[in-house]
2 protein chains.
Amino acid sequence: MFKILHTNKKARRGEFTTVHGTVQTPVFQNVGTLAAIKGALSTEDLKTVGCQIELSNTYHLHLRPGDDVVHDMGGLHKFINWDRPILTDSGGFQVFSLAGLRRICEEGVTFNSHIDGRRIFMGPEESMRIQSNLASTIAMAFDECIENPSPYDYVKASCERTYRWLCRCKDELMRLSKEPGTINPQQLLFGINQGGTYDDIRVWHMKKISELDLPGYAIGGLAVGETAEQMYHILDVTLPYAPEDRPRYLMGVGTPENIIEAVWRGVDFFDCVMPSRNARHGFIFTWKGTMNMMNQKYERDPLPIDPDCGCPVCRNYSRAYIRHLFKAKEMLGMRLAVMHNLYFYNELMAKIREAIEEDRFEEFKNKYTNVLSRRN
Amino acid sequence: MFKILHTNKKARRGEFTTVHGTVQTPVFQNVGTLAAIKGALSTEDLKTVGCQIELSNTYHLHLRPGDDVVHDMGGLHKFINWDRPILTDSGGFQVFSLAGLRRICEEGVTFNSHIDGRRIFMGPEESMRIQSNLASTIAMAFDECIENPSPYDYVKASCERTYRWLCRCKDELMRLSKEPGTINPQQLLFGINQGGTYDDIRVWHMKKISELDLPGYAIGGLAVGETAEQMYHILDVTLPYAPEDRPRYLMGVGTPENIIEAVWRGVDFFDCVMPSRNARHGFIFTWKGTMNMMNQKYERDPLPIDPDCGCPVCRNYSRAYIRHLFKAKEMLGMRLAVMHNLYFYNELMAKIREAIEEDRFEEFKNKYTNVLSRRN
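Residues numbered from 1 in each chain as written. Chains lettered and ligands numbered in written order. Predicted model: local features only at pLDDT ≥ 70, side-chain atom pairs only at ≥ 80, totals over all residues.

**Topic: the overall build of chain A**
Here comes step 1: Looking only at helices and strands, one finds 15 helices and 16 strands in chain A.
Here comes step 2: C-alpha atoms of chain A, sized along the principal axes, occupy 60 × 45 × 40 Å.
Here comes step 3: Residues counted as buried form 56% of the 376 residues belonging to chain A.
Here comes step 4: Considering only intrachain contacts with a sequence separation of at least 6, the fraction spanning at least 24 residues in chain A is 71%. (Helix = DSSP H or I, 4+ residues; strand = E, 2+ residues; numbered from the N terminus. Buried ≥ 20, exposed ≤ 12 C-beta atoms within 10 Å, placed from the backbone. Contact = placed C-beta atoms within 7 Å.)

Here it is as structure tokens:
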């Protein structure tokens, strides 16, 4: 399913084939938490901005509209009108970051819904059943996401349990694939590596989960409190123990610089709310660094956001107009900004892929890592 | 400029040619108050929903971003990326409905901005200069919009002044058309008939403004307190005195039923915030009546909003999905609903035009006036 087409040092140019089509990697997954991309983007817009995989959130969709509703509507693809791959997270991260009053035990986690406070239980089997109802292309394993830093002994015990949970996820998904009501019997399971900032736990855990021969592996529990340098260090230490021939997914990351650094270390999949969330506040990514569209200096600026960008927003609208939309609180401003930022992220990945193919990824990295974080 | 292609009793099937293209009438103008359609619709979306004319608001754009900014950016068409006709209202209605503490005199109106409270003066010349800066296709005359009912003597005096204002609008627009900085020297001026609910004032005023030989005439001051029956009565009484060979525009109207009844009486142009505003609250127009997308009964409804509708929303999304988006407060819900409702209104006009052409408008009217207001 995963084919490495070319490598340039540790960076990998690959192709991941699924029942919903083939993904060119490295890839950025565009986040649609509630079965919709924030900023009023339709799935047609998603195609326009070059999205290859849409990511939706298991926890959110379980609460609203309910995964049973999505199942009855034929699964997420049909529900949201998207025929390319969809990855669903496991709910683990949200249970630990959004829900209140959680109690964790061997079976799973009991927590309060962040919407109406009602008590909910979710364990590996529940997460798999929900994701099976959603019928995503890729289901993520149910794990405990620990904040950084956490005590060594807690992290170790948690990772042992997360490993046991992963085995249960695998078994449950196998069982579900044979159930008559299952919409996507070929749903793929990605394991998630945890271990906080402890090298030895990360390595031990990666070795353990690699034995399970899953179609993909994620690095979780990063971008949750540690520095970028710590994150890169963990990738350096852990990735050598991930299977070469499976995609590696760095969850919830990150800035353009973070992504380039992680590709440099051998990561293939990414996702982050940053491009869409920043856009909704008027913060824009360009090939010359970031911009704040609310800035007075754009009031009469007839240029597109980024003259070097080929996105539909930059082809059709001026900075002055987009600034006006933000100042006037017109929703269209958010939509155009989100479209531009997602196009930028998807374009960034396309340029990364090209640079790897042409054996000049180090040059690309040196050229862009600093430029892209510059504030204009 | 206005050519009547066919009549069916009083209903008119026409063609209005401007420097920004030709409009097929009867036509519904899609309202983009702040130089954007609410609900995050782009101008590309507007074309998708069949919009022929976009309407923007002089008062709003004068305050934000400022008509001088729009002028410096090359006028509204370039600013918003729209190459078809744009009509700007005069600011009159907003000055009387939105602004605070207004003082009216022969020269014009002094009022407080609804944004920051600053004191602003607007008279016929100011309105024309602002609209000339905006460079719309059609400028509307600056008038006093009186609420219904108002005392006879006040309405009479007001209409006499509105007539004098119209003469000043015409002179000022003529002067501006010869100014070097004017973006659209062929900007058209539509006069506005007022007179509250008094037949004789309406008729007197329509006769007076007809003498000015303007490219179009509007009926203003309706849908501001009177009943639908009173509105239809005023159209019956007043329109015989409007020039046959000029388009007639019923401002701010209305429901599908109102529009059909007004076309029946000889109206050619309409505009209303109803389709977009209702959509943003989940209220939808269909060929079988109205729907509330928040209704529980749509939770698992796999049908499109309106199975008889050919809009991109009805071709791609289910009621269940759109209901979910509204319940989850995802902006995409509003956008899809606005797209559908505007498509419906534009389609309604297309079907009205067809019915007139085929001499079966009365049948059309009898078939639809009740159906379209039915609540489902």
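**With respect to the sheet that holds strand β10 (residues 138–140) of chain A**
All names here are of chain A.
Here comes step 1: Within the closed barrel, the eight strands sit side by side as β4-β5-β6-β10-β11-β12-β13-β14. Their pairing is parallel. Each strand of the sheet is rotated relative to its neighbour by a mean of 30°, with strand direction disregarded.
Here comes step 2: Note: strand β4 (residues 27–31) against strand β14 (residues 269–271), three bridges, orientation parallel. The residue of β14 that forms the bridge with Q29 is D271. (Pairing = 2+ DSSP bridges. Axes fitted to C-alpha atoms, helices over the stretch in contact; angles between N-to-C directions.)

**Remarks on the domain arrangement of chain A**
Residue and element names in this part refer to chain A.
Here comes step 1: Segmentation of chain A into domains returns domain 1 (2–272) and domain 2 (282–371).
Here comes step 2: Computed from C-alpha coordinates alone, the two centres of domain 1 and domain 2 are separated by 27 Å.
Here comes step 3: In this assembly, 27 residues from domain 1 lie in contact with 25 residues from domain 2.
Here comes step 4: Put simply, the parts of the chain that give the side of domain 1 that touches domain 2 at least two residues each are β1 (2–8), β2 (11–18), β4, α1 (43–48) and α10 (256–264). (Domains from an automatic or database assignment.)

**As for the sheet that holds strand β7 (residues 100–104) of chain B**
Residues and elements named next belong to chain B.
Here comes step 1: Reading across the sheet, the three strands line up as β7-β8-β9 and stay open at both edges, with antiparallel pairing between neighbours. Two strands close off the open sheet at either side, each with one partner strand: β7 and β9 (119–122). Going across the sheet, the axis of each strand differs from the next one's by a mean of 20°, ignoring polarity.
Here comes step 2: Looking at chain direction, β7 and strand β8 (residues 109–112) are connected through three bridges and run antiparallel. Bridge pairing in β8 places R103 opposite T110.

**Description of the relation of the copies chain A and chain B**
Here comes step 1: In the superposition of chain A on chain B (RMSD 0.0 Å, axial shift 0.0 Å), the rotation amounts to 180°. The transformation just described matches what one would write down for a two-fold rotation axis. Closest approach to the rotation axis within chain A is made by the C-alpha atom of A:A40, at a distance of 3.4 Å.
Here comes step 2: Of the interface residues in chain A, 100% have counterparts in chain B that sit at the interface too, so the contact is made through matching surfaces. (Least-squares fit on C-alpha atoms with pLDDT ≥ 70 in both.)

**Examining the pairing of β7(B)**
Here comes step 1: Counting buried residues along β7(B), only zero of its five residues qualify, which leaves the element largely exposed.
Here comes step 2: Taking the residues between adjacent antiparallel strands as the criterion, β7(B) and β8(B) are bridged by four residues.

**Focus on the nonpolar core**
Here comes step 1: Ranked by size, the top nonpolar core spans 240 residues in total, and within it A:F190 and B:F190 carry the most contacts.
Here comes step 2: Those residues in contact with A:F190 that sit more than four places away from it in its chain are A:I138, A:M140, A:A141, A:L214, A:P215, A:G216, A:Y217, A:A218 and A:Y249. (Core = buried A, V, L, I, M, F, W, Y, C linked by C-beta atoms within 7 Å.)

**Section: the interface of chain A and chain B**
Here comes step 1: The interface of chain A with chain B comprises 33 residues on the first partner and 33 residues on the second.
Here comes step 2: Mapped onto the side of chain A that touches chain B, the elements with two or more residues apiece are α3 (67–72), α4 (76–80), α13 (319–327) and α14 (331–357) of chain A.
Here comes step 3: Among the elements that take part in the side of chain A that touches chain B, α13(A) stands out by supplying five residues, more than any other.
Here comes step 4: Classifying every residue of the side of chain A that touches chain B gives 19 nonpolar, six polar and eight charged. (Nonpolar A, V, L, I, M, F, W, Y, C, P; charged D, E, K, R; others polar.)

**Describing the environment of A:G100**
Residue and element names in this part refer to chain A.
Here comes step 1: Looking at the secondary structure, you find G100 in strand β7 (residues 100–104).
Here comes step 2: The class of G100 is exposed, set by 9 C-beta atoms lying within 10 Å.
Here comes step 3: Distance in space between the C-alpha atoms of G100 and L342 is 31 Å, their sequence separation being 242 residues.
Here comes step 4: If we skip the residues at most four places from it in the chain, G100 touches F111, N112 and H114.

**Regarding the confidence of the model for chain A**
Segments scoring low in pLDDT should not have their predicted coordinates read at a detailed level.
Here comes step 1: Averaged over all residues, the pLDDT of chain A equals 96, while 100% of them reach at least 70.
Here comes step 2: Across the whole predicted complex the pTM is 0.96, and at the interface the ipTM reaches 0.95. (pLDDT = per-residue confidence, 0-100.)

**Some remarks on the packing of helix α7 (residues 152–177) of chain B against helix α8 (residues 199–210) of chain B**
Residues and elements named next belong to chain B.
Here comes step 1: Packing of α7 against α8 leaves a shortest axis separation of 11 Å and a crossing angle of 10°. Compared by their axis directions, α7 and α8 come out roughly parallel. Counted together, V155, K156, C159, Y163 and L166 of α7 and I201, H205, K208 and I209 of α8 form the full contact between these two elements.
Here comes step 2: When its residues are assigned to classes, the contact of α7 with α8 shows six nonpolar, one polar and two charged. (Parallel < 35°, antiparallel > 145°, perpendicular 65-115°, else oblique.)

**Digging into helix α13 (residues 319–327) of chain B**
Here comes step 1: Within α13(B), eight of the nine residues are buried, which leaves the element mostly enclosed by the surrounding structure.
Here comes step 2: For α13(B), the complete set of buried residues consists of B:R319, B:A320, B:Y321, B:I322, B:R323, B:H324, B:L325 and B:F326.
Here comes step 3: On its buried face, α13(B) sits against α3 and α4 of chain A together with α14 (331–357) of chain B.
Here comes step 4: Phi turns positive one or two residues past the end of α13(B), at B:K329, with a value near 55°.

**Brief notes about unusual backbone geometry**
Here comes step 1: Across the junction of A:R64 and A:P65, the peptide omega takes the value 10°, indicating a cis bond.
Here comes step 2: Relative to the elements of secondary structure, A:P65 occurs in the loop between α2 (58–63) and α3.
Here comes step 3: For A:D359, which is not a glycine, the phi torsion comes out positive at approximately 55°.
Here comes step 4: Relative to the helices and strands, A:D359 resides in the loop between α14 and α15 (361–371).
Here comes step 5: Phi at B:K329 takes a positive value of approximately 55°, unusual for a residue other than glycine.
Here comes step 6: Examined against the element boundaries, B:K329 turns out to sit in the loop between α13 and α14.

**Regarding the environment of A:M1**
All names here are of chain A.
Here comes step 1: Mapped onto the elements of the fold, M1 is located in the segment before β1.
Here comes step 2: A sequence separation of 246 residues divides M1 from P247, and the C-alpha atoms of the two residues are 9.6 Å apart.
Here comes step 3: Sequence-distant contacts of M1, that is, excluding residues within four places in its chain, are made with F16, T17 and P215.

**Some remarks on the packing of α10(A) against α15(A)**
Residues and elements named next belong to chain A.
Here comes step 1: The contact between α10 and α15 brings their axes to 9 Å, and the two run at 155°. Between α10 and α15, the crossing angle belongs to the class labelled roughly antiparallel. In this structure, α10 crosses over α15, and the sense of that crossing is left-handed. Contact with α10, carried on its side by E257, I260, E261 and W264, involves K365, Y368 and T369 of α15 and no other residues of that element.
Here comes step 2: Its residues assigned to classes, the contact of α10 with α15 comprises three nonpolar, one polar and three charged. (Left-handed = near helix turned anticlockwise from the far one by under 90°.)

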